[in-house]
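Residue-level listing of the chains:
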Amino acid sequence: MNEERIQAALRDASDTQDVKISARMLASVADVFEESFADRTAVIVADENTFAVAGEQVRRHLEDSGLEQVEPYIFPGQPTLYAEYGNVEKLVESLRRHDAIPVAVGSGTLNDIVKRASYECERPYLCVATAASMDGYTAFGASIEKDGAKQTLTCPAPRAVLADVDVLVNSPERMTASGYADLLGKVTAGADWLVADALEVEGIDEKGWSLVQDHLRAWIGTPTELREGDGEAMDRLIEGLIMSGLSMQAYESSRTASGGEHLFSHLWEGGGLGRDEDPPLSHGFKVGVGSVAIAALYERILERDLDSLDIDEVRRNWPSREELEKTVRAAHTPPLEEAAVEQSLAKYLEAGELMERLEMVRDRWPELRERLAEQLMGADELRDMLREAGCPTGPDGIGLRWDDFRATYFRARMIRTRYTVLDLAYETGILQECVEELFAPGGFWSSDSEARSSAAG
Ligand SMILES: [Zn+2]
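Residues numbered from 1 in each chain as written. Predicted model: local features only at pLDDT ≥ 70, side-chain atom pairs only at ≥ 80, totals over all residues. Heavy atoms only, no water.

Undergrad: Give me the pattern of salt bridges: which residues, what numbers.
TA: Under the counting rule described, the total for this entry stands at 36 salt bridges. In this structure, the salt-bridge partner of Arg275 is Asp276, at a minimum N-O distance of 2.8 Å. Residue classification places Arg275 among the partly exposed residues on the basis of a relative accessible area of 28%. The exposure class of Asp276 is exposed, given its relative accessible area of 67%. Its salt-bridge partner being Lys347, residue Asp423 comes within 3.0 Å of it at the nearest N-O pair. (Salt bridge = Lys/Arg side-chain N within 4 Å of Asp/Glu carboxyl O. Buried < 20%, exposed > 50% of the residue type's maximum accessible area, 1.4 Å probe, protein only.)

Undergrad: An account of the coordination of the zinc ion is needed here, citing residue identities and associated values.
TA: Distances from the zinc ion to its protein donors, Asp182 (OD), His262 (NE2) and His283 (NE2), fall within 2.1 to 2.2 Å. Here His283 falls in the partly exposed class, since its relative accessible area comes to 24%. (Donors = N, O, S within 2.8 Å, 3.2 Å for Na, K, Ca; no water.)

Undergrad: How would you summarise the environment of Asp197 if you had to cite specific residues and measurements?
TA: Locating Asp197 in the fold gives a position in helix H8 (residues 186–198). Note on Asp197: relative accessible area 24%, which makes it partly exposed. Between the C-alpha atom of Asp197 and that of Tyr137, which follows or precedes it by 60 residues, the distance is 27 Å. Beyond its immediate sequence surroundings of up to four residues, Asp197 is in contact with Glu202, Gly203, Ile204 and Arg371. (Helix = DSSP H or I, 4+ residues; strand = E, 2+ residues; numbered from the N terminus. Contact = heavy atoms within 4.5 Å.)

Undergrad: A description of the pairing of strand S2 (residues 42–47) should follow, citing residues and the corresponding values.
TA: Buried residues dominate S2, accounting for six of its six residues. Burial along S2 is two-sided: the face carrying Ala42, Ile44 and Ala46 and the face carrying Val43, Val45 and Asp47 are both buried. Note: S2 against strand S4 (residues 101–106), four bridges, orientation parallel. Bridge pairing in S4 links Val43 to Pro102. (Pairing = 2+ DSSP bridges.)

Undergrad: So, the sheet that holds S2: which residues are in play, and what are the values?
TA: One open sheet accounts for six strands, arranged S1-S8-S5-S4-S2-S3; its pairing is parallel. A single partner strand is all that each edge strand has here, and the edge strands are strand S1 (18–22) and strand S3 (73–75). If you compare each strand with its neighbour and ignore which way they point, the axes differ by 15 degrees on average. By the bridge criterion, four bridges tie S4 to strand S5 (residues 126–129) in an arrangement that is parallel. Each residue of the ladder has a partner; that of Val103, found in S5, is Leu126. Strands in contact with helix H12 (residues 231–251) are S1 and strand S8 (160–164); relative to S1, the strand with the most contacts, it is inclined by about 165 degrees. (Axes fitted to C-alpha atoms, helices over the stretch in contact; angles between N-to-C directions.)

Encoded structure:
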């Protein structure tokens, strides 16, 4: 990892004070623990699988250093641990019996459970990452299913994070692939922030931007090597994921790391896509498909001359608040429906605001188009990179029906106020025609181009 970059990022992070990434890092776990927590008692939290691959070693290293520990808390290894609130409650109940500092040894789900449980017990914790599977290690908030819906529950990021590249390289291939896809999603996430910035919806924060974007191409540039288990490729991936999490801490929002591709993922997650598989369909795999989908939409939009947009025509077709609410309700079912209505109405533009927005689009499009072209990569290219890393690249690969996939282009923007290219396309009145082009014969998602691409792959 690049020590300087991580240290610079840590200076702006609100919760995380220490990050250590390297080979043979597990051997230093006691030092990392003591630096953050002095001589406090530790409690390892793992599941049977992660305890076997790293937890046992962590326990020994802490023991050898004379640190006190209470008995580890170990979740069952089968079925795959699921991020549901019941697991948080079980852990909280156990943590309340002592005052030891949790040492989470695991990947995304385990980390999220420990993150939230530690918060409920008002304790900081140490995270020992066992797979480069997502960018949540250094992010605040935990993605947990509660009352029947996946939600991001409040909680700070870990005080310290340790990742041993040898452990990461030996984690299941699908987990590395998931992390790769989550990181690749920053290409379109960045583009969406450029759009929001140009239209004065949400300005670019230079620090938050550069933590994620400055080295993105290098971090995602070696998917084949990553799949082959190359340590340097893994080092780049985990650095990118860690930096992405830190950027969210620094900017106090997920804007730095999440755009339309994440809205696609969240929508599918809300609908329970792949929830009951074992292991459940990963966050990253959904984000990866979302990234290709959003990049393909960008290609349709970048071909257009929005600088000659017919504003009056768009305005004539603009829905009223009531009409919009009806459309949103028709597109969603509970539990997402109410949230979608609330979020959609929150970003609804009145006629005057719409005019202002569209004039801005018209004036700024030539410059924005250039910046976007520079930021983006081709949908084909992203698809190839995902395939090389071992990720699914389209709806078939994640068990999504094609009509639901197509409808996602219209539904996704309704579930969050976050401004993305989906809003730009919607507000300029071209979303429908762009999506039609994508699925028409010869379009990016047409059946013949899918067949061609899988024949090539
Ligand atoms: Zn993500």
